[in-house]
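Residues per chain, in single letters:
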Amino acid sequence: HAAANALDVSAIVLTDGRSFSVQSDFRDADEGGVLLRAARTGACDYFSAVLSPDYNQAHADHLHLDLGPYRVCR
């Protein structure tokens, strides 16, 4: 974002062309939902704050990955 220490991810596109959207697929029990939730959880190893649709409505359509001072993974 403005301080260049965060980014938002709205979808993951695989090399075979399949695309999984946070807004459409995050809560699904299928491959896309599992992948997006795993990406969220794995990002917590690299970013201080990782916010997802599980955090609040403002993050319903993206994963917020932040290197800021606050520590949260939801």
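First things first, this report covers the structure right here in the doc. The shown structure was predicted, so the numbers you read here are calculated from the model rather than taken from an experiment. (Residues numbered from 1 in each chain as written. Predicted model: local features only at pLDDT ≥ 70, side-chain atom pairs only at ≥ 80, totals over all residues. Heavy atoms only, no water.)

**A look at the overall build of the protein chain**
In step 1: Along the backbone of the protein chain there are 2 helices and 6 strands.
In step 2: The order of α-helices and β-strands along the protein chain, N terminus first, is β-β-β-α-α-β-β-β.
In step 3: Here the C-alpha atoms of the protein chain give a radius of gyration of 12 Å, agreeing with the 11 Å that 2.2 N^0.38 yields for 74 residues.
In step 4: Each of the three principal axes of the protein chain carries a C-alpha extent, and together these read 35 × 25 × 20 Å.
In step 5: For the protein chain, the residues scored as buried account for 34% of the 74 residues in total.
In step 6: Put simply, of all contacts in the protein chain between residues at least 6 apart along the chain, 36% involve residues at least 24 apart.
In step 7: About 4600 Å² of surface is accessible on the protein chain, with carbon and sulfur atoms providing 54% of the total.
In step 8: Computed over 6 positive and 10 negative side-chain charges, the inter-centroid distance for the protein chain is 7 Å. (Helix = DSSP H or I, 4+ residues; strand = E, 2+ residues; numbered from the N terminus. Rg over C-alpha atoms; globule rule 2.2 N^0.38 Å. Buried < 20%, exposed > 50% of the residue type's maximum accessible area, 1.4 Å probe, protein only. Contact = heavy atoms within 4.5 Å. Areas by Shrake-Rupley, 256 points an atom, 1.4 Å probe, with all protein chains shown as cover. Lys, Arg positive; Asp, Glu negative; His and termini not counted. Charge placed at Lys NZ, Arg CZ, Asp CG, Glu CD.)

**Here's the deal with the nonpolar core**
In step 1: In this structure, Phe-20, Val-22, Phe-26, Leu-36, Ala-43, Cys-44, Phe-47, Val-50, Leu-63 and Leu-65 together form the largest nonpolar core, which totals 10 residues.
In step 2: For this core, the secondary structure elements donating two or more residues are α2 (31-43) and β5 (63-66). (Core = buried A, V, L, I, M, F, W, Y, C linked by side-chain atoms within 4.5 Å.)

**What to know about the pattern of salt bridges**
Pairing between side chains of opposite charge can happen when the charged atoms of each approach one another.
In step 1: Enumeration over the complete set of coordinates arrives at 4 salt bridges.
In step 2: One salt bridge connects Arg-18 with Asp-16, and the closest N-O pair in it is separated by 2.8 Å.
In step 3: Here Asp-54 makes a salt bridge to Arg-40, at a shortest N to O gap of 2.9 Å. With Asp-54 in the loop between β4 (49-51) and β5 and Arg-40 in helix α2, this pair connects stretches of sequence that are 14 residues apart. (Salt bridge = Lys/Arg side-chain N within 4 Å of Asp/Glu carboxyl O.)

**What about the side chain of Arg-40?**
In step 1: Assessed through its relative accessible area of 11%, Arg-40 is described here as buried.
In step 2: Here the side chain of Arg-40 touches Ser-52 through a polar contact of 3.1 Å, side chain to side chain.
In step 3: In contact with Arg-40, other than residues within four places in its own chain, are Phe-26, Val-50, Ser-52, Asp-54, Leu-63, Cys-73 and Arg-74. (Polar contact = N/O pair within 3.5 Å; in protein donor to acceptor, adjacent residues only side chain to side chain.)

**Quick notes on the side chain of Asp-66**
In step 1: Looking at the element boundaries, Asp-66 is found in strand β5.
In step 2: Although Asp-66 is buried, it forms no salt bridge, and the closest oppositely charged side chain is Arg-71 at an N-O distance of 9.9 Å.
In step 3: Polar contacts involving the side chain of Asp-66 include one to the side chain of His-64, which spans 2.9 Å.
In step 4: Excluding residues that lie within four positions of it along the chain, Asp-66 makes contacts with Asn-5, Ala-6, Phe-47, Ser-48 and Ala-49.

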